[in-house]
Amino acid sequence: MATPAPYLPPSSSKELNDKSLPISSSPSTESILDSDLEKSNPEYGSYPGHIFAKEEVADYWRNIYEKAGYEGRHRFDPNFEWSAEDEKKVRRKIDIRIIAWAWMMFLALDLNRRNINRAITDKMLPELKMNTNDFNYGQTIFLLSFLSAELPSGLISKKVGPDRWIPFIIVSWSIVSAAQAALTTKTGYYICRCLLGLLMGGFIPDTVLYLTYWYKGNELPTRLAWFWTVLSTCNILGSLVAAGVLQMRGIHGWSGWQWLFLIEGIITGTVGILSWVMMPASPCQTAGRGRGKGWFTEHEELIMVNRLLRDDPSKGDMNNRQAVGLSGLIKSFSDFDLWPTYLIGLTAYIPPSPVGTYLSLILKELGFSTFDANLLAIPSQFFFLVNLLIITKVSQYFKERSIVSSSSNVWIFPWLVGLVTLKPNSNLWLRYSLLTGLLSYPYCHAILVAWNSKNSNTVRTRAVSAALYNMFVQSGNIIATNIYRDDDKPLYRRGNKVLLGICSFNIVLFYLVKAYYIFRNKQRDKVWNAMSAQERMEYIATTKDEGAKRLDFRFAH
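Below you will find a few notes about this structure. (Residues numbered from 1 in each chain as written. Predicted model: local features only at pLDDT ≥ 70, side-chain atom pairs only at ≥ 80, totals over all residues. Heavy atoms only, no water.)

As a further point, take the pattern of salt bridges. Scanning all chains against the criterion turns up 24 salt bridges. Salt-bridge contacts for Asp95 lead to Arg91; the nearest nitrogen and oxygen are separated by 4.0 Å. Of the two residues, Asp95 and Arg91 are both situated in helix H4 (residues 84-119); the distance of 4 residues between them amounts to about one turn of the helix. There is no split in this pair, since Asp95 and Arg91 are both buried. (Salt bridge = Lys/Arg side-chain N within 4 Å of Asp/Glu carboxyl O. Helix = DSSP H or I, 4+ residues; strand = E, 2+ residues; numbered from the N terminus. Buried < 20%, exposed > 50% of the residue type's maximum accessible area, 1.4 Å probe, protein only.)

Below you can see the structure in the form of structure tokens.
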């Protein structure tokens, strides 16, 4: 893979003639591209003075794209111009074709991943001679398998292409999910959870990498926010479906939970088969495989490729069928500046996780029927969806990640305090209100995933960091799965105290990570500003530094 080349803004020639000029106006600047350019360049449409405006820079990158075999290199044109209206039309077309189907595939994942939470409200545990701890062990097996599969799956996807790999794993996990209808023993339950984890583990990082092939950096957080509305949509839809399907208990001698696994497995398997058609490899590879002559015109392909590369030239430094080698993998692992966001991923989602997993079961143990327990999970998911979109929009508007993301745990804190201090004999509806309020929290996952992607700064690092980040998230889920224990039910007071402590830690952590990135940017500013114009040019032309390790890169926070 070629060494990433410079991010040269229109003002770079002026900067290079003045040693005293800093590379950015403040330490919080994300990169050279994101400082003066954001103030002067339009969000859509071509503009003069873009990164490839200088012929030598354009030639430098053209050589990189040719060596990498980048699939869109034949559409790379530094002189190509297009209107803002044309770009908006293309982006809307991408939204309809790409993000909408990515949403559908994620729904297939979450439906199969979370239907176990609804199945246990229908006597599944006693019928398999299991208790809460056995269920937790199964979920831990699932999460460990999920975690262990993420990086290998990401590497396979990068080699064969997500358009081939993702449909395969969807069909595969749907078969296993449907097969859970035949469960008769605890051992069988453990085996199925292991297989599901191995097959599902790579889906999210693989899909996030796939979406970066289509969207600019400033567009990705909003699309990911809509992508993650699947979580609440699936919980609402899944609860409604479960409320009906679980009433099928007794038909052909089957329990309701067996019908639930079978029906939902068939539905998601169909989505997997259709994904072979609905997932083109890249903006310039939409023809064939049931898509006819392609989804986009030559003019639209020119817009898609050039808008992406002018936003982030590194998106062409590998092709979409190029594997990440061992040396590249080691470099990505050793990129320590990305580890603060991994740490956030480890702990940020632990506080709401046990409550979400056990909500329907808690409500049933508190006296609600199976039907009511599933329906009462819906209100929190509606507010979760609304808050997810709001927090992502706020982050995008203010260009602020860490502080805005911290609001997720700030929101959760008072509800956990309420659950910890609430007396055991308190009103049932008051307890339900606290649980619902907690689970309505603003989910910051879309912000953090886009943040991690932006700070990766190369395709190679992005492919690995997406998997590593999600592995830390799943590690956090493993911790969360074992916080509520059988001897602590149905109120889980001890578990809620643990969650309160983790929530308090998280609030502080977000600010510490922000401080770290400000510090790192100041360090680089100091070195860069001390260099002469000639030294900067020499660095840009000869450096072996890649991605986030480059002196001319600034971390987002």
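Throughout the structure, instances matching the rule amount to 35 aromatic pairs. Ring centres 4.9 Å apart and planes at 80° place the aromatic pair Phe52 and Phe76 in the edge-to-face group. Here the residue Phe52 occupies a position in the loop between helix H2 (36-40) and helix H3 (55-68), and Phe76 occupies one in the loop between H3 and H4, the gap between them amounting to 24 residues. The exposure class of Phe52 is buried, given its relative accessible area of 2%. Each member of the aromatic cluster is reached from another via a ring pair, and the members are Phe52, Tyr60, Trp61, Tyr65, Tyr70 and Phe76. The positively charged end of Arg291 is found above the aromatic ring belonging to Trp295, 5.8 Å away from the centroid. (Phe/Tyr/Trp six-rings, centres within 6.5 Å; stacked < 30°, edge-to-face > 60°. Lys NZ or Arg CZ within 6 Å of the ring centre and 35° of its normal.)

Moving on to the packing of H4 against helix H13 (residues 298-311). Packing of H4 against H13 brings their axes to within 10 Å, and their N-to-C directions diverge by 90°. Taken together, the axes of H4 and H13 are roughly perpendicular relative to one another. Residue-level inspection shows Asp86, Glu87, Val90, Arg91, Lys93 and Ile94 of H4 in contact with H13, the latter providing His299, Glu300, Ile303, Met304 and Arg307. (Axes fitted to C-alpha atoms, helices over the stretch in contact; angles between N-to-C directions. Parallel < 35°, antiparallel > 145°, perpendicular 65-115°, else oblique. Contact = heavy atoms within 4.5 Å.)

What follows covers the environment of Trp295. Looking at the element boundaries, Trp295 is found in the loop between helix H12 (256-278) and H13. Residue Trp295 is classed as buried on the basis of its relative accessible area, which comes to 9%. Here the alpha-carbon distance between Trp295 and Pro283, two residues 12 residues apart in the chain, equals 8.9 Å. Setting aside its immediate chain neighbours within four residues, Trp295 contacts Lys93, Arg97, Ile98, Val277, Met278, Pro280, Thr286 and Glu300.

Here we come to the side chain of Thr392. Inspection of the secondary structure assignment puts Thr392 in helix H18 (residues 378-398). A polar side-chain atom of Thr392 sits 2.8 Å from the main-chain carbonyl oxygen of Leu388. Ignoring anything within four residues of it in the chain, the contact list for Thr392 reads Pro221, Thr222, Ala225, Ala446 and Ile447. (Polar contact = N/O pair within 3.5 Å; in protein donor to acceptor, adjacent residues only side chain to side chain.)

It is worth spelling out empty space enclosed by the protein at this point. One pass over the full model with this rule turns up 6 cavities of 30 Å³ or more. Considering the residues around the largest cavity, the lining is formed by 36 residues, among which Arg114, Asn117, Ser353, Gly356 and Thr357 are closest to the centre. At the level of elements, H4, helix H6 (132-160), helix H11 (229-245), helix H16 (353-365), H18 and helix H22 (459-481) are the ones that each hand at least two residues to the lining of the largest cavity. Ranked by the residues each element gives to the lining of the largest cavity, the list is headed by H16, at 7 residues. If you add up the space inside the second largest cavity, you get close to 120 Å³. Looking at the second largest cavity, it is lined by 16 residues, and the ones nearest its centre are Tyr70, Glu71, Tyr213, Pro283 and Lys315. Residues belonging to the lining of the second largest cavity are distributed by class as follows: 8 nonpolar, 5 polar and 3 charged. (1 Å grid on protein atoms, 1.4 Å probe; cavity = no way out; pocket = protein on both sides within 12 Å on 5 of 7 lines; lining within 4 Å. Points joined across faces, edges and corners; volume = space filled by probe spheres on them. Nonpolar A, V, L, I, M, F, W, Y, C, P; charged D, E, K, R; others polar.)

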